[in-house]
Amino acid sequence: MTGIGAGPGAAVGVHAGTGASVGAGAGAAVDAPAAREDQLFAALANSTRREVLRLLREQGPQPVQALADHFAMRRPSLSEHLKVLREAGLVSEERSGRQRIYRLEAAPLADVQDWLHPYERFWRDRLKGLGDLLDRMPDDAET
């Protein structure tokens, strides 16, 4: 798989355990905004990480153990997912005594919305065109 903005032959892989994007290799010319976008989409591509974001959105900041209680996985595995989310800027971590409290950082999701906007407009226009075509067709009841 080649990353957006990666130079020719600059491979961008996916970590087998977490599905996280791994770098393009030393010396590869990668456009920083494109690499950041790839990192964000890679973080969102995993259902466990999307569920963590949902939990933080709905229930507010939580310690790792409270989040881990929602999943049938060992805590180190969840910590890897949290690391991917943290590196993508989607969560922040704060230490409170011996606990690590995670909080949703939704600002990067605006980048996703910005990326999706042209596609939303595309499909809205297509569906409007389909609706117009269907409106011009005679109804079956009239035949």
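This text follows the structure it describes.
Summarised in this report is the structure supplied together with it. Each chain has its residues counted from 1, following the order in which its sequence is written. Reporting of local features is limited, given that this is a predicted model, to residues whose pLDDT is at least 70; pairs of side-chain atoms are given and counted only at 80 or more, and all residues count toward the totals for whole chains, interfaces and linings. Think of the side-chain values as coming from all heavy atoms in the structure, minus any hydrogens and water.

**Re the overall build of the protein chain**
Alright, step 1. Put simply, DSSP H or I for four residues or longer makes a helix, DSSP E for two residues or longer makes a strand, and each gets a number counted from the N terminus. Across its full length, the protein chain holds five helices and five strands.
Alright, step 2. In the protein chain, the succession of α and β elements from N to C terminus is β-β-α-α-β-α-α-β-β-α.
Alright, step 3. Contact criterion: two residues are considered in contact whenever any of their non-hydrogen atoms come within 4.5 Å of each other. Pairs at least 24 apart in sequence give 46% of the contacts found in the protein chain among residues at least 6 apart.
Alright, step 4. Each accessible area value is a Shrake-Rupley result obtained with a 1.4 Å probe; residue values ignore everything except the protein chains displayed when judging cover. Summing over all exposed atoms, the protein chain offers an accessible surface of approximately 9,600 Å²; the carbon and sulfur share of this is 53%.

**Section: the nonpolar core**
Alright, step 1. With 20 residues, the main nonpolar core has Val52, Leu67, Leu78, Leu82, Leu85, Leu90 and Tyr102 as its most contacted residues.
Alright, step 2. For this core, the secondary structure elements donating two or more residues are helix H1 (32-44), helix H2 (47-59), helix H3 (64-68) and helix H4 (75-87).
Alright, step 3. In contact with Leu67, not counting residues within four places along its chain, are Val52, Leu55, Leu56, Gln62, Leu78, Leu82 and Tyr102. We call a set of buried residues a nonpolar core when its members are Ala, Val, Leu, Ile, Met, Phe, Trp, Tyr or Cys and they connect through side-chain atoms within 4.5 Å of each other. The buried label goes to any residue with under 20% of its type's maximum accessible area, the exposed label to any with over 50%, and the partly exposed label to all in between, with areas taken from a 1.4 Å probe on protein chains only.

**What to know about the packing of aromatic side chains**
Alright, step 1. Pairs were defined over the aromatic rings of Phe, Tyr and Trp, the Trp ring being its six-membered one, requiring ring centres within 6.5 Å. Orientation was assigned from the angle between planes: stacked under 30 degrees, edge-to-face over 60, tilted for the rest. For the structure shown, the criterion picks out three aromatic pairs.
Alright, step 2. Between Phe41 and Trp115 the ring centres are 5.0 Å apart and the planes differ by 65°, which places this aromatic pair in the edge-to-face class. Highlighted residues: Phe41 in helix H1 and Trp115 in helix H5 (residues 107-136), separated in sequence by 74 residues.
Alright, step 3. Residue class for Trp115 comes out partly exposed when judged on its relative accessible area of 34%.
Alright, step 4. A network of ring pairs unites the aromatic residues Phe41, Trp115 and Tyr119 as a single cluster.

**Remarks on H1**
Alright, step 1. One fewer than the residue count of a helix, multiplied by 1.5 Å, yields its expected span. Here H1 contains 13 residues, and its C-alpha end-to-end distance of 18 Å stays within 8% of the 18 Å for a straight helix at 1.5 Å per residue.
Alright, step 2. Ala34, Asp38, Leu40, Ala42, Ala43 and Leu44 are the residues of H1 that are buried.

**A look at the packing of H1 against H5**
Alright, step 1. Helix axes are fitted to C-alpha atoms over the stretch in contact, other axes to C-alpha atoms as well, and angles between N-to-C directions run from 0 to 180 degrees. At a minimum axis distance of 11 Å, the contact between H1 and H5 shows a crossing angle of 95°. Regarding the angle of H1 to H5, the classification is roughly perpendicular. The residues of H5 that touch H1, namely those facing Glu37, Leu40, Phe41 and Leu44, are Pro108, Leu109, Asp111, Val112 and Trp115.
Alright, step 2. All residues other than Ala, Val, Leu, Ile, Met, Phe, Trp, Tyr, Cys, Pro, Asp, Glu, Lys and Arg, Gly among them, are scored as polar; the first ten of these are nonpolar and the last four charged. For the contact of H1 with H5, the residue count by class is seven nonpolar, no polar and two charged. An angle below 35 degrees is read as roughly parallel, one above 145 as roughly antiparallel, one from 65 to 115 as roughly perpendicular, and any other as oblique.

**Notes on the side chain of Arg49**
Alright, step 1. Looking at where Arg49 falls in the secondary structure, it is placed in helix H2.
Alright, step 2. Although buried, Arg49 forms no salt bridge, and the nearest oppositely charged side chain, Glu80, lies 8.0 Å from it.
Alright, step 3. Any N or O atom pair separated by 3.5 Å or less is treated as a polar contact, with the protein-specific requirement of one donor-capable and one acceptor-capable atom, and with residues adjacent in sequence counted only for side-chain atom pairs. At a separation of 3.0 Å, a polar atom in the side chain of Arg49 contacts the side chain of His81. Just so you know, the count uses Lys and Arg for positive and Asp and Glu for negative, and it drops His and the chain ends. Any Lys or Arg side-chain nitrogen located within 4 Å of an Asp or Glu carboxyl oxygen qualifies as a salt bridge.

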